[in-house]
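Take a look at the letters that make up each chain.
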Amino acid sequence: DAKTTQPTSMDCAEGRAANLPCNHSTISGNEYVYWYRQIHSQGPQYIIHGLKNNETNEMASLIITEDRKSSTLILPHATLRDTAVYYCIVRASHNTNAGKSTFGDGTTLTVKP
Amino acid sequence: KAGVTQTPRYLIKTRGQQVTLSCSPISGHRSVSWYQQTPGQGLQFLFEYFSETQRNKGNFPGRFSGRQFSNSRSEMNVSTLELGDSALYLCASSLPHQSTDTQYFGPGTRLTVL
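In this text the structure is predicted, and so the values were computed from the model without any measurement. (Residues numbered from 1 in each chain as written. Chains lettered and ligands numbered in written order. Predicted model: local features only at pLDDT ≥ 70, side-chain atom pairs only at ≥ 80, totals over all residues. Heavy atoms only, no water.)

*Asks:* What am I meant to see in the state of the cysteines here?
*Replies:* By definition, a disulfide links two cysteine residues through a covalent bond between their sulfur atoms. Residues and elements named next belong to chain B. Scanning all chains against the criterion turns up 2 disulfides over all chains. Cys 23 shares a disulfide with Cys 91; S-S distance 1.9 Å. Disulfide Cys 23-Cys 91: the torsion about the S-S bond is 70 degrees, which places it as right-handed. With Cys 23 in strand S3 (residues 19–24) and Cys 91 in strand S9 (residues 87–94), the pair connects residues that are 68 residues apart, well separated along the chain. Across the pair, Cys 91 and Cys 23 agree in class, each one buried. (Disulfide = S-S within 2.5 Å. Helix = DSSP H or I, 4+ residues; strand = E, 2+ residues; numbered from the N terminus. Buried < 20%, exposed > 50% of the residue type's maximum accessible area, 1.4 Å probe, protein only.)

Below you can see the structure in the form of structure tokens.
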């Protein structure tokens, strides 16, 4: 699986958009970008994923660059409850390694009042 | 649909003992993966089971083992516990052969080894 690079920490004001970048310059053509978040001592929560098109769901938007070497997770209106560690991972699907995810250190997002 | 459940949620053991942790995947999911999370090493992949067979294995000693039952429920076992095995153990399930095999995580089992 490709390695990802994320900033160690970020701050965001409550009510503003939080934009979390992720670099995955060695991503392969069949690898998806996944985002999870983990609130202290809980299991990681799935947020969103994408292959090459931008994606949006009720939680967030995912913007993937055309060359797929980087992506940005956007939380449109951050709340205090969005304070968490956010992980960006890349993982192939439909193969025997699909059940193995490689997590980096993630980005600690702190939403401030 | 119920999420991934893990039991017990908290466990305290002493060095040298063994422990068994249980994971019930989301209904219909056939793949179960296990991860260890520690402050020093982060989230590390232990192994994955699919259709009762271990399909992937991480870089952990043989003291760590697992199995999966015909109903897709999975257990992991750690024998001869060491202090360094204190961690949050997470399992994740997925429905292979769908478009993206998204993994959904359980709440974890917090193991403390004294």
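*Asks:* How should the interface of chain A and chain B be read in this particular structure?
*Replies:* A common way to express how large an interface is: the accessible area buried when the components associate. On the chain B side, the residues contacting the 22 residues of chain A number 23 residues. Across the interface of chain A and chain B, roughly 1,800 Å² is buried in total on both sides, 48% from carbon and sulfur atoms. The interface formed by chain A and chain B holds 0 salt bridges in total. The interface formed by chain A and chain B includes 5 residue pairs in polar contact (both at pLDDT 80 or more). Breaking the side of chain A that touches chain B down by element, the ones donating at least two residues are strand S3 (31–38), strand S4 (45–50) and strand S8 (84–92) of chain A. The element contributing the most residues to the side of chain A that touches chain B is S3 of chain A, with 4 residues. Residues of the side of chain A that touches chain B, tallied by class, amount to 8 nonpolar, 12 polar and 2 charged. (Contact = heavy atoms within 4.5 Å. Buried area = accessible area lost by both parts, 1.4 Å probe. Salt bridge = Lys/Arg side-chain N within 4 Å of Asp/Glu carboxyl O. Polar contact = N/O pair within 3.5 Å; in protein donor to acceptor, adjacent residues only side chain to side chain. Nonpolar A, V, L, I, M, F, W, Y, C, P; charged D, E, K, R; others polar.)

*Asks:* I'm lost on the packing of aromatic side chains in this one. Help?
*Replies:* Pairs of aromatic rings are described using the distance from one ring centre to the other and the angle between the two planes. Applying the stated criterion across every chain yields a total of 13 aromatic pairs over all chains. Ring geometry for Tyr 36 of chain A versus Phe 105 of chain B: centroids 5.5 Å apart, planes at 90 degrees, classification edge-to-face. One end of the pair, Tyr 36 of chain A, is in strand S3; the other, Phe 105 of chain B, is in strand S10 (residues 104–105), on a second chain. Each ring, one from Phe 47 of chain B and one from Tyr 49 of chain B, has its centre 5.6 Å from the other, and the planes form 75 degrees; the classification is edge-to-face. Through pairs of rings, three or more aromatic residues link up here, namely Tyr 32, Tyr 34, Tyr 36, Tyr 46, Tyr 87 and Phe 103 of chain A together with Tyr 35, Phe 45, Tyr 104 and Phe 105 of chain B. Stacked on the ring of Tyr 34 of chain A, the Lys or Arg Arg 91 of chain A has its end atom at 4.7 Å from the ring centre. Arg 55 of chain B extends its terminal NZ or CZ atom over the ring of Phe 50 of chain B, reaching a point 4.6 Å from the ring centre. (Phe/Tyr/Trp six-rings, centres within 6.5 Å; stacked < 30°, edge-to-face > 60°. Lys NZ or Arg CZ within 6 Å of the ring centre and 35° of its normal.)

*Asks:* When you look at the pairing of strand S5 (residues 42–50) of chain B in this model, what are you seeing that I'm missing?
*Replies:* Looking along a regular strand, one sees side chains alternate from face to face of the sheet. All names here are of chain B. Taking burial as the measure, the 9 residues of S5 include 8 buried ones, the bulk of the element. Examined bridge by bridge, strand S4 (residues 31–38) and S5 share 8 bridges and lie antiparallel to one another. By the bridge assignment for S5, Gln 37 is matched with Leu 43. Connecting S4 to the antiparallel partner S5 that follows it, the hairpin turn spans 3 residues. Looking at chain direction, S5 and strand S6 (residues 53–57) are connected through 4 bridges and run antiparallel. Its bridge partner lying in S6, Phe 50 is registered against Thr 53. The hairpin formed by S5 and S6 contains 2 residues between the paired strands, and Ser 51 there has a positive phi angle of roughly 50 degrees. (Pairing = 2+ DSSP bridges.)

*Asks:* So what exactly am I meant to see when it comes to the side chain of Asp 85 of chain B here?
*Replies:* Following the sequence through the fold, Asp 85 of chain B ends up in the loop between strand S8 (74–78) and S9. Apart from the residues within four sequence positions on either side, Asp 85 of chain B is in contact with Gln 36, Arg 63, Phe 64, Val 78, Thr 80, Leu 111 and Val 113 of chain B.

*Asks:* Which parts of the structure should I look at to understand the sheet that holds S4 of chain A?
*Replies:* Adjacent strands of a sheet form backbone hydrogen bonds with each other and so pair up, either parallel or antiparallel. All names here are of chain A. Taken together, 5 strands build an open sheet; the order of strands is S1-S9-S8-S3-S4 and the sheet is mixed. A single partner strand is all that each edge strand has here, and the edge strands are strand S1 (9–13) and S4. Across the sheet, the mean angle separating the axes of adjacent strands is 25 degrees when strand polarity is ignored. With 5 bridges joining them, S3 and S4 adopt antiparallel strand pairing. (Axes fitted to C-alpha atoms, helices over the stretch in contact; angles between N-to-C directions.)

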